[in-house]
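Here is how the chains run, residue by residue.
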Amino acid sequence: MKTLQNKVALITGAAAGMGLAIARLFAKEGAKLLLCDLDEERVRALQHSIESEGAEALAVRCDMAEAKEVEQLVQLCIDTFGSIDVLVNNAGIMDDFFPVDRVPPETWKKVIDVNLNGPFHTMRLVLPEMLSRKSGSIINIGSIGSHQGARAGAAYTASKHALLGLTQNTAFLYAKDGIRCNLIAPGGVNTEIGLKMKPDPLGYERIMPGAANMPRMGEATEIAQIALFLASEASSLVNGATITADAGWTAF
Ligand SMILES: NC(=O)c1ccc[n+]([C@@H]2O[C@H](COP(=O)([O-])OP(=O)(O)OC[C@H]3O[C@@H](n4cnc5c(N)ncnc54)[C@H](O)[C@@H]3O)[C@@H](O)[C@H]2O)c1
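Along every chain, residues carry numbers that run from 1 in the direction the sequence is written. Thresholds applied to this predicted model are a pLDDT of at least 70 for local features of residues and 80 or more for the giving and counting of side-chain atom pairs; totals over whole chains, interfaces and linings are not thresholded and use all residues.

Peer 1: Whenever I open this one, the overall build of the chain confuses me. Can you help?
Peer 2: The number of helices and strands found in the chain is seven helices and nine strands. Counting only C-alpha atoms, the chain reaches 50 × 40 × 30 Å along its principal axes. Counting other C-beta atoms within 10 Å of a residue's own tells you its class, since 20 or more makes it buried, 12 or fewer makes it exposed, and anything in between is partly exposed; those C-beta atoms are placed from the backbone. Within the chain, the fraction of its 252 residues that count as buried is 49%. By definition, residue pairs are in contact when their C-beta atoms, positioned from the backbone, come within 7 Å. Of the contacts formed within the chain by residues at least 6 apart in sequence, a portion of 76% connects residues at least 24 apart. Secondary structure elements are defined from DSSP: runs of H or I of at least 4 residues count as helices, runs of E of at least 2 residues count as strands, and each element is numbered from the N terminus.

So, in structure tokens, the structure goes:
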């Protein structure tokens, strides 16, 4: 029997990077997948690729910054597959390393909307369904910036710190209902997240020396293995935890 046989997983930001790697691994392990991304073409291509390998998937465009679209997404998952066993809040964006006095308010709003408000909406909307079955695993993709103060700019750092708080609060409040909620905190991972960044020169100058100690970059497939562990019964006692995946960077 595969690890996630007959489980339904909703994965946000699945067209690239970690979301894509998590989707591929979960499909291989028997899960049925509702995949979403801003990039409709790429996420649909992933659906077709997963289907061609014999797994079930449905891909849709959804902007995690738009509460109405998130509502439709969760409803679509329940209507299509009947339940949601695993929620992976993966979609996230960087913030161009702006210190607080330089961050444009629209950048602040966008980063908080995608990285924090999106997960808030998916979590509040999947919980009634999970509660009805007294079962569920919520996996939030945080960052070492969930614990550390200056691995990115003010907006990203604030969003990922808050996501940690939301994770721990949810973990404890639903612990007796069979629902677990954990955070993965990656360090640097080879994905597309930095490709469109135009770093603020001051923020970049202050933040980048801290990157010199990074032992190595991670791969998205390494994060996917942690997500599989958290989604599965192998982690039944793990709740409210952060699994840091940074090759030892923050151990220094
Ligand atoms: N790559 C890293 O070094 C790193 C480190 C720590 C944490 N993270 C976190 O990991 C998660 C995944 O990032 P990644 O590195 O795989 O990035 P990525 O840019 O490679 O992939 C992110 C995906 O999310 C999608 N997305 C972006 N905004 C969206 C929105 N509003 N609605 C729906 N989809 C949206 C993108 O289109 C993309 O397909 C993010 O939450 C990120 O903050 C990344």
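Peer 1: What is the right way to look at the site of the ligand in this model?
Peer 2: Here, nearness is defined through the C-beta atom: a residue counts as near a molecule or strand if that backbone-placed atom lies within 6 Å of it. Around the ligand there are 27 residues in total, and G13, A16, G17, G92 and T191 lie nearest to it. It is helix α1 (residues 17–28) that provides the largest number of residues to the shell around the ligand, a total of three residues. Only Asp, Glu, Lys and Arg are considered charged in this grouping, and only Ala, Val, Leu, Ile, Met, Phe, Trp, Tyr, Cys and Pro are considered nonpolar; every other residue, Gly among them, is considered polar. Its residues placed into classes, the shell around the ligand shows 14 nonpolar, nine polar and four charged.

Peer 1: Sorry, what's going on with helix α3 (residues 67–81) here?
Peer 2: Turn by turn, an α-helix covers 3.6 residues, leaving residues three or four places apart pointing in a common direction. The span one expects for a helix is its residue count, reduced by one, times 1.5 Å. Over its 15 residues, α3 extends 21 Å from the first C-alpha to the last, a length consistent with the 21 Å expected when each residue adds 1.5 Å. Residues V70, L73, V74, C77 and F81 constitute the buried set of α3. The arc enclosing the buried residues of α3, seen along the axis, measures out at 90°, which places them on a common side. Facing away from the buried side of α3 by over 90 degrees, the exposed positions are K68, Q75 and D79. Buried positions along α3 lie against β1 (8–12), β2 (32–37), β3 (57–61) and α4 (105–133). G82 sits one or two positions beyond α3 and adopts a positive phi of about 90°. In this description, one arc is meant: the one made by directions from the helix axis to the C-beta atoms.

Peer 1: So what exactly am I meant to see when it comes to the environment of C62 here?
Peer 2: Position of C62 relative to the elements: it lies in the loop between β3 and α3. A tally of 26 C-beta atoms within 10 Å means that C62 is categorised as buried. Taking the C-alpha atoms as reference, C62 lies 29 Å from V100; in sequence the two are 38 residues apart. Excluding residues within four positions of it along the chain, C62 makes contact with C36, E69, V70 and L73.

Peer 1: Is there a simple way to think about the nonpolar core in this case?
Peer 2: Side chains of a nonpolar character, in soluble globular proteins, are inclined to be buried together. Under the definition applied here, buried Ala, Val, Leu, Ile, Met, Phe, Trp, Tyr and Cys residues are grouped into a nonpolar core through C-beta atoms within 7 Å. Ranked by internal contacts, the top residues of the largest apolar core, which has 79 residues, are A9, I22, A23, F26, L33, L35 and A227. Apart from residues lying up to four places away in sequence, A23 is in contact with I11, A14, L33, L35, L46 and I50.

Peer 1: What exactly am I supposed to notice about the packing of α3 against α4 here?
Peer 2: For any two helices packed against each other, one specifies the inter-axial angle together with the distance between the axes. Helix axes are fitted to C-alpha atoms over the stretch in contact, other axes to C-alpha atoms as well, and angles between N-to-C directions run from 0 to 180 degrees. The interhelical angle for the contact between α3 and α4, taken along N-to-C directions, is 35°, at an axis separation of 9 Å. When you trace α3 past α4, the crossing you get is right-handed. Taking contact as the criterion, the partners of A67, V70, E71, V74 and I78 in α3 are, on α4, G118, H121, T122, L125, V126 and E129. By definition, turning the near helix anticlockwise from the far helix through less than a right angle yields a left-handed crossing, and turning it clockwise yields a right-handed one.

Peer 1: What's the story with the sheet that holds β2 in this structure? I'm lost.
Peer 2: Paired strands, in this sense, are two strands between which DSSP finds at least two bridges. Taken together, the seven strands give an open sheet; going across it, the order is β3-β2-β1-β4-β5-β6-β9, and neighbouring strands pair in parallel fashion. Both outer strands of the open sheet, β3 and β9 (242–245), are each paired with one neighbouring strand and no more. Adjacent strand axes in the sheet meet at a mean angle of 15°, parallel and antiparallel pairs treated alike. Pairing of strand β6 (residues 179–186) with β9, which is carried by four bridges, proceeds in the parallel orientation. Directly across from L183, in β9, lies its bridge partner T242.

Peer 1: What's the story with α1 in this structure? I'm lost.
Peer 2: The terminal C-alpha atoms of α1, which comprises twelve residues, lie 17 Å apart, in line with the 16 Å expected from a rise of 1.5 Å per residue. The buried fraction of α1 amounts to eleven of the twelve residues, a majority that puts the element mostly inside the structure. Among all positions in α1, only G17, M18, G19, L20, A21, I22, A23, R24, L25, F26 and A27 are buried. Where α1 ends, the next residue or the one after it, G30, has phi of about 100°, a positive value.

Honestly, it's all geometry; don't read function into it.
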